[in-house]
Amino acid sequence: AEEELVKFLKDKYHGNESRRPYYEELIDFLLDNPETLSYPFALLEEECYINIVTSEDGNLRLYSWDSTMGGTWIAWTDVCQYRSDGRVYAVEGSILDVKYGVFGVEDDMDNECVVLGIETLYDKSNNPIYIAHTNVRYSSNWVYASVEAVGIHNGKLKPVPVFYGQEDIYDDEEYDH
């Protein structure tokens, strides 16, 4: 099945300026094939240049790729795939969309990022908390990096406050450089 998806994506978008439309076909494929949450996808990563990271418990997987529409700013496209209450979901959007409350919603915000890794921690009730290491390049000399904490609750990805500041508890830590 992976070979068919890779061939379809390469045939349809080879030489095309934008890889952004990948997400529609990819989401359909992921929803039609829930077993993809644990599939290795070596060809998809190698031949379609899609970065894939998966949580240790296998319940969250993030796909990111450069849409090639950004110039010195890398315009990432993201799809989140996750399991909640025995059902597998796939939604276009990034972990940063979860943070800003626009996950799964059409918006004009440029919250796309590449996720470099996911750490899985557990709260006192043994619920998983996913710490995603993100990176965004806005220009050749401006990079934004963060760690974002999210959980899966009732079929939705939600921010989880776990980082202590001087006055409050936050769901992220970020820096520009």
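Being a predicted model, the structure only gives us computed values, none of them experimental. (Residues numbered from 1 in each chain as written. Predicted model: local features only at pLDDT ≥ 70, side-chain atom pairs only at ≥ 80, totals over all residues. Heavy atoms only, no water.)

> Provide a residue-level description of the nonpolar core, including the pertinent values.
Side chains of nonpolar character tend, in soluble globular proteins, to be buried together. Residues Leu-60, Leu-62, Val-115, Ile-118, Val-150 and Leu-157 are the most contacted members of the largest nonpolar core, which totals 19 residues. Listed by contribution, the elements that provide at least two residues to this core are strand E2 (60-66), strand E3 (76-84), helix H4 (95-100), strand E5 (114-122), strand E6 (128-139) and strand E7 (142-153). Apart from residues lying up to four places away in sequence, Val-115 is in contact with Asn-51, Val-53, Leu-62, Ser-64, Ile-95, Ala-132, His-133 and Thr-134. Among the nonpolar cores identified, the runner-up in size contains 16 residues, and Leu-5, Val-6, Leu-9 and Tyr-63 belong to it. (Core = buried A, V, L, I, M, F, W, Y, C linked by side-chain atoms within 4.5 Å. Buried < 20%, exposed > 50% of the residue type's maximum accessible area, 1.4 Å probe, protein only. Helix = DSSP H or I, 4+ residues; strand = E, 2+ residues; numbered from the N terminus. Contact = heavy atoms within 4.5 Å.)

> Help me get a handle on unusual backbone geometry, residues and values and all.
Here the phi dihedral of Asp-85 falls at roughly 50 degrees; this positive angle occurs in a residue that is not glycine. Turning to its location among the elements, Asp-85 is positioned in the loop between E3 and strand E4 (87-92). Its identity as a non-glycine residue notwithstanding, Asn-154 has a phi of 50 degrees, on the positive side. By relative accessible area, Asn-154 is classed as exposed at 70%.

> Describe the pairing of E4, naming the residues involved and giving the relevant values.
Of the strand pairs in this sheet, E3 and E4 are connected by six bridges, and their pairing is antiparallel. Its bridge partner lying in E4, Ser-84 is registered against Arg-87. Between E3 and E4, which pair antiparallel and follow one another directly, the connecting turn spans two residues, one of which, Asp-85, has a positive phi of 50 degrees. (Pairing = 2+ DSSP bridges.)

> Explain the sheet that holds strand E1 (residues 51-54) to me, and be specific about the residues and the numbers.
The sheet built from four strands is open, its strands ordered E1-E2-E3-E4 with antiparallel pairing. In this open sheet, the two strands that pair with only one neighbour each are E1 and E4. With strand direction ignored, the average angle separating the axes of adjacent strands in the sheet is 15 degrees. (Axes fitted to C-alpha atoms, helices over the stretch in contact; angles between N-to-C directions.)

> Before we move on, could you go through the environment of Trp-76 and cite the residues and values that matter?
Within the secondary structure, Trp-76 is located in strand E3. Once the C-alpha coordinates of Trp-76 and Asn-135 are considered, the two residues, 59 residues apart in sequence, prove to be 9.9 Å apart.

> How would you sum up the environment of Asp-78? Please name residues and give values.
For Asp-78, the position within the fold is in strand E3. Classification of Asp-78 by relative accessible area gives buried; the value is 3%. In this structure, Asp-78 is in contact with Tyr-63, Ser-64, Val-91, Glu-92, Gly-93, Ser-94, Glu-112 and Cys-113, ignoring residues within four places of it in sequence. Polar side-chain contacts of Asp-78 include one of 2.9 Å to the side chain of Ser-64. (Polar contact = N/O pair within 3.5 Å; in protein donor to acceptor, adjacent residues only side chain to side chain.)

> Requested: an account of the side chain of Ser-64, with residues and values cited.
With respect to the helices, strands and loops of the structure, Ser-64 is situated in strand E2. Setting aside its immediate chain neighbours within four residues, Ser-64 contacts Tyr-49, Ile-50, Asn-51, Trp-76, Thr-77, Asp-78, Cys-113, Val-114 and Val-115.

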